[in-house]
Every structure is written in C-alpha cells, then in structure tokens.
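Results of the structural survey
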Amino acid sequence: MTLMKKTAAELQALLHNREVSVKEVTEDSFKQIAALDGQVKAFLALTEEEALAKAEALDNSSQESRGPLFGLPIGIKDNIVTKGTVTTCASKMLENFVPVYNATAVEKVNEAGMVSVGKLNMDEFAMGSTTERSAFQTTHNPWNLDCVPGGSSGGSAAAVAAGEVPFSLGTDTGGSVRQPAALCGVVGMKPTYGRVSRNGLIAFASSLDQIGPITRTVEDNALLLNAISGVDHRDSSSSPQQVPDFKSALTGDIKGLRIAVPKEYLGEGIADDVKDKVRASLKVLESLGASIEEVTLPHSKYASPTYYAIATAEASSNLARFDGIRYGYRSENAGNLEEVYTRSRAEGFGTEVKKRILYGTYALSADHHEELYVKAMKVRTLIAQDFASVFENHDVIVGPTSATTAYEIGGVAQNQLTLYANDILTVSVNLAGIPAISIPCGFSNGLPVGLQIIGKHFDEALIYRVAHAFEQATDFHKSTPSLGEGTN
Amino acid sequence: MTKFTTEDVHYFANFAKIAFSDQEAEVFSEIISDLVEFGDALKEVDTDNIEPMTHPLQMFNVLREDVPQDVLDRDEMLASVKEHEDGMIKVPNIL
C-alpha cells in the first residue's frame, strides 16, 4: 500500500510517531512515479538525489525546527522557477534553462518542510487547457489514459490523482488549476489575486496569473495554501492582507449560508451529465443547511473574448523577454542580431504561443488598441461588477468547473473555439481576481466531475468551509483511479 | 467576417519579432481571423462611462531604501547564456 494516498494528517501522524521516516515517504513517492509515470507522463524532471538528501536532513532535524508540512512530498509545475533545477515552461525556448533562484512559493514550501520531488508537465507557457501543448510530452488522465488531464496544470493534477505525490503546485491564469483538478478528480484552489506571491512564476498574463495548490482533500489544500500565502516584497502585486489559518475554517458547518447559482453556469453548452452531478451537489449543500438561489451574471458570455484579448496582450509583452540573448534557445541559423530574435522565437515557440503573441500584438497595436484591448478592459469591469452585485446578497457562488468531463486526447484540440467557449466557467474568476476552488462532486462514465465554489476577494476560508462540509458529506474524494502497475 | 491576411501576419510578426514563412503565414492568417471574429463579440457591449479595469486589486508602490545589496552571481547568470566572453554576452555583428 502506497503512502502517497494518505492525507497530510495521516502522513504526519506516521512521521511524528516515527512509524515511517521522511526518507521512506520520499522513496515511496519516487517508487510510485517509477511505476506509474510511464503511463501518466506527469513529470518533466525528477530531483531524486536532492530530495533524498533533504529527506535525510529532515529526519535528522530537531523536533522544534520542523515546519508545518514536515516531510511531505510535493511536485512543482514547470513554470515556477527552482534554483539549480531545469525549468522549461514545457517549451523548447527554455529547454536547458536552469534558474539561479527559487520562486517565493518554492522557498515557502521548503521552509514548511516539504520535499520537492520534481517538475510537472504543462501546456507550453501555460497556454492551453489539455496539456497536449507541451513541447515534450502529453500528460494522460489517470482515470482514463486515453483522455486529457485538462490544462494547463495537467501534470500537477494528474500526478496527485495518480498518487505519485499528495501535493502539487499549479498556476491558474484562466482556470488552469481548477479545470485540470476537475477533470482529474482532485482539489484545486485558485486563490485571490495577490494572495500568493508571483515572484519566480514565469509570467504569462501578469494581471491574471496566480499560483494555487492541488491536493486530494480540502484539508490538505488549506494546509498548503497556509504555507504559500502572504505578502512578498519582491512582488509588488502581492497583497498585505492578513492570512487567516485556513485549516481552522474547516468546521463542517454551513447552516444559513446563502449560495448563488448563476443560470449561465447550468445553461447551454454544459453537458447534461455535468449538470446532473452539480444539481445533486446543490441538494447536498441544501441538506447541510445552506439556501440556494438562482442568480444571473449577465456578462458571462463575454468572458472568453475579454480574457483572450487581455491575456494575449499581456503575454505578447511578457514573452518579449525570450529573445535568444541572455538565456533560453538561440537559433543556429541567425546571421545578424535581428535574426537572433526572429529565428530564435520562430524556432523556440510552439504554434499556440506564436498564435497568442500574434493576436496580443494585434490587440495592442495602435489601430486596434481602443476597439479591442481597452474595450476588453471595460468589459472586465462589468464582469467584476456582476460578481460584486451577486456577493451583496450571497456568500458564495456554486456551479460546474468544466462544461464536460475529460475528453479524448486529440479529440477536441482541433476545435479551438469550442475550448474557448468552455472557458466561460473559469476565466471570469481570473478577470475579477476572486478566489475559487474545484472539488470532486461525482463521476460520469468513470470520469470525475468538478464542482466550483467561488468567493469574494480574500474569502478563501469560507470557500474551504463550504468545500470541506461537502467533502465530509460525500465520498467522491475517496475514490482513486486504478492504474495497473502502481502500488495502490 | 474580418479577414486577417497573410500580409497582416507578416506586419504584426515584425513587431512581435517572430519569423514566419509564407506557408506559416497562410495557416496563421486563418487562425487569427477566427480569433478576430471571436473578439468582435465585445463590440455589442455598451461600455459608455465604464472605466477600464487594469488590475484586479488596488496597487501600492513598494519602496525600499536605496542601499546596495547582494545581487545574483555573474558566473551563475552567465551559465544560462549561449555565448559569452570576459563577462559579457556575445551576439552576432550588429553593424
């Protein structure tokens, strides 16, 4: 029986009672990865030597010096920089890039006593929603290896779902933590913008990106968010807002809470099986004492075009730094400086990245700036106002995370606009900067369905309270995929 | 439908500093045309008197004393550089 399917509390009890050592826990994670990752393909790089050295050091450390997540293994999405460990963003552009510092979130998980076991696959530069757009490999959904894990944090979600690690970090620009969490049947939180430092996160769209924890249970998720939250002087967009103890929010009591359900989230384009599971989940929340009321978010249908205008504009600016000069890929075919830029970027970036840079450049151009980019920023205001209006009379918003369950690899990627339409459920949250979680709420044809719980700015504690109450009343989080060769 | 032409691809690619072959320009002109049409949906939203939202939260300046601090090690930084000499980055001839 693997240790990787135990919760943080269970693992820490074993570690505290010295029934297992950190080294044994770490070795178990690598054993699971060796057994399963040939099928799942979640990891791009493993750091076994460093991890085992750290595990031994932790085993020899004093009781007093132990951090709150002492001895627990974690995987890191490959757009979060790790000192001395290659960080590629799943792009040929950064294939050999070895950062010289750690992201603040990585420093924090290290300080909490966690052991990083490696870097996780993703869509190139976090641009995509299937993890098929990695330059190196396609990650497979542990529930059905023919299906995508979602994206762009598909590696982070699949590694946790498969039981390779109990914790991972993902990043969410338009749903990239929540959607893969939903498709892989795990818990993924997109915190309030500014809650977690973005220092060391390789930027895609700076006003939307946020690092978030992926775990198997709500409690584990709250513990990891505790560890990585807080103001950081190296990130001027990180918030000085006080960080509460998210674990203490897990009371199980949601009596009297007012839950809003946007009619747009259960309307056209959402699969019937997903709607059924979400409606059944609403009944569970009602039975726990919450009240449910239908509301409207009238600008939802404009969320995707708004998101694509803003995200690509910011991406076109952020990705200008990849010029083949100071780090990253440099073309061998360049005869002069201009060609170093143009050919390095042509050869180093994949199709999706080039497409977004091109559209973002168009959105920011003198001729289209007002009609597209500024217009999108105004619609963004209206989308944020829709949420603020609902939160005047409701505590949280609940709906599906993804319009469908996981789809076959190669199946939907051809129809990009269908994928954009699916984003309606998640991107609005990033545009408004508010927090949201995805938790498992059922299965359809053996594939997980995700329930999304959205809250006000900095109200993650209430989101966790609702999510935990639902989790305690149901058994969905206890199901795990049965991958043949693992040590399940 | 707004058509994003192959000439448009080359025009905007020049700003984005990405080389596209004529064949690639054909492919990308179709893809970007779809996106431009997708973005056109925003035109129907009434945004008169609406302020653009540039950032999800109120931003504050972060200031510190202007005191010299340790910076990243030059040799470590240069380890990521394709070509360097005497502590400087080498690039092809500019002139």
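Structure first, text after, so check above.
Everything in this summary refers to the structure shown in the same document. Please read all numbers here as calculations on a predicted model, not as lab measurements. (Residues numbered from 1 in each chain as written. Chains lettered and ligands numbered in written order. Predicted model: local features only at pLDDT ≥ 70, side-chain atom pairs only at ≥ 80, totals over all residues. Heavy atoms only, no water.)

Re the overall build of chain A
Threshold: The secondary structure listing takes helices from DSSP runs of H or I that are at least 4 residues long and strands from runs of E that are at least 2 residues long, numbered from the N terminus. Only C-alpha atoms enter the radius of gyration; for comparison, a globular chain is expected to reach 2.2 Å times N to the power 0.38, where N is the number of residues. Note on classification: 1.4 Å probe, protein chains only; a residue is buried when its accessible area is under 20% of the maximum for its type, exposed when over 50%, partly exposed between these limits. Here the accessible surface of atoms and residues is derived via Shrake-Rupley with a 1.4 Å probe, and residues count as covered only by protein chains that are part of the display. By the counting scheme adopted, Arg and Lys are positive, Glu and Asp are negative, and His together with the chain ends is not counted. Here the site of a charge means NZ on Lys, CZ on Arg, CG on Asp, or CD on Glu.
Scanning chain A from N- to C-terminus turns up 15 helices and 11 strands. Here chain A has a C-alpha radius of gyration of 21 Å; the compact-globule value for 488 residues is 23 Å, and the two agree. Taking the principal axes of the C-alpha coordinates as reference, chain A spans close to 65 × 55 × 45 Å. Evaluated residue by residue, chain A yields a buried proportion of 67% over its 488 residues. Accessible area for chain A stands at about 15700 Å²; split by element, carbon and sulfur atoms hold 46% of it. Positive and negative side-chain charges of chain A, numbering 43 and 57 respectively, have mean locations separated by a distance of 2 Å.

Considering the pairing of strand S11 (residues 447-454) of chain A
Residue and element names in this part refer to chain A. The condition that has to hold: Only when DSSP finds a minimum of two bridges between them are two strands counted as paired.
In terms of burial, S11 is a largely internal element, 8 of the 8 residues being buried. The pairing of strand S9 (residues 396-400) with S11 spans 4 bridges and is classified as antiparallel. Bridge pairing in S11 links Ile397 to Ile454. Joining the antiparallel neighbours strand S10 (residues 436-444) and S11 is a turn of 2 residues, in which Asn445 adopts a positive phi near 50°.

Some details on the environment of Ala90 of chain A
All names here are of chain A. Turning to its location among the elements, Ala90 is positioned in the loop between strand S2 (73-77) and helix H4 (104-111). Overall, the relative accessible area of 0% leaves Ala90 in the buried class. For the pair Ala90 and Val40, spaced 50 residues apart in sequence, the C-alpha separation works out to 16 Å.

A few points about empty space enclosed by the protein
Spelled out, the test is: Buriedness of a pocket was judged along seven lines, with at least five required to meet protein on both sides within 12 Å; pockets are open sets of points on a 1 Å grid over the protein atoms alone, cavities are sets where a 1.4 Å probe fits but cannot get out, and lining residues have an atom within 4 Å of a point. Grid points are joined across faces, edges and corners, and a volume is the space filled by probe spheres set on the points. In this classification, the charged set is Asp, Glu, Lys and Arg, the nonpolar set is Ala, Val, Leu, Ile, Met, Phe, Trp, Tyr, Cys and Pro, and all remaining amino acids, among them Gly, are polar.
Tallied over the entire structure, the rule returns 6 cavities of 30 Å³ or more. Here the largest cavity defines a volume of roughly 240 Å³. In this structure, the largest cavity is lined by 23 residues; those nearest its centre are Gly128, Ser129, Gly151, Gly174 and Asp423 of chain A. Contributions of two or more residues to the lining of the largest cavity are made by helix H9 (303-318), helix H13 (416-422) and helix H14 (424-432) of chain A. For the lining of the largest cavity, the leading source of residues is H13 of chain A, giving 3 residues. For the lining of the largest cavity, the class distribution of residues is 7 nonpolar, 13 polar and 3 charged. As a volume, the second largest cavity reaches approximately 50 Å³. As for the second largest cavity, its lining consists of Tyr359, Tyr362, Glu371 and Leu372 of chain A together with Val36, Gly39, Asp40 and Lys43 of chain B. Each residue belonging to the lining of the second largest cavity can be placed in one class, and the counts come to 4 nonpolar, 1 polar and 3 charged.

A closer look at the interface of chain A and chain B
The condition that has to hold: We call two residues contacting when some pair of their heavy atoms lies within 4.5 Å. By buried area we mean how much accessible surface two parts lose on assembly, using a 1.4 Å probe and totalling the loss over both. The salt bridge definition used is simple: a Lys or Arg side-chain nitrogen within 4 Å of an Asp or Glu carboxyl oxygen. Each polar contact in these results corresponds to two N or O atoms within 3.5 Å; when the atoms are within protein, one needs to be able to donate a hydrogen and the other to accept it, and residues that are neighboring in sequence are counted only if both atoms are side-chain atoms.
Counting residues at the interface gives 59 residues for chain A, matched by 50 residues for chain B. Looking at the side of chain A facing chain B, the largest losses of area belong to Val100, Arg330 and Leu358 of chain A, adding up to 14% of the total buried there. Taken together, the connections running from chain A to chain B amount to 5 salt bridges. The shortest N-O distance in the salt bridge between Glu44 of chain B and Lys301 of chain A comes to 3.9 Å. Scanning the region where chain A abuts chain B turns up 15 residue pairs in polar contact (both at pLDDT 80 or more). Secondary-structure elements contributing two or more residues to the side of chain A that touches chain B are H9, helix H10 (337-348), helix H11 (351-364), helix H12 (369-391), H13 and H14 of chain A. Within the side of chain A that touches chain B, the residues separate by chemical class into 29 nonpolar, 18 polar and 12 charged.

Side note on the pairing of S10 of chain A
All names here are of chain A. Of all 9 residues in S10, 8 are buried; the element is thus mostly enclosed. Inspection of the sheet shows strand S5 (residues 187-190) paired to S10 by 3 bridges, in the antiparallel sense. Looking across to S10, one finds that Met189 is bridged to Ile437. Inspection of the sheet shows S10 paired to S11 by 8 bridges, in the antiparallel sense. For Ser438, the partnering residue across the bridge sits in S11 and is Gln452.

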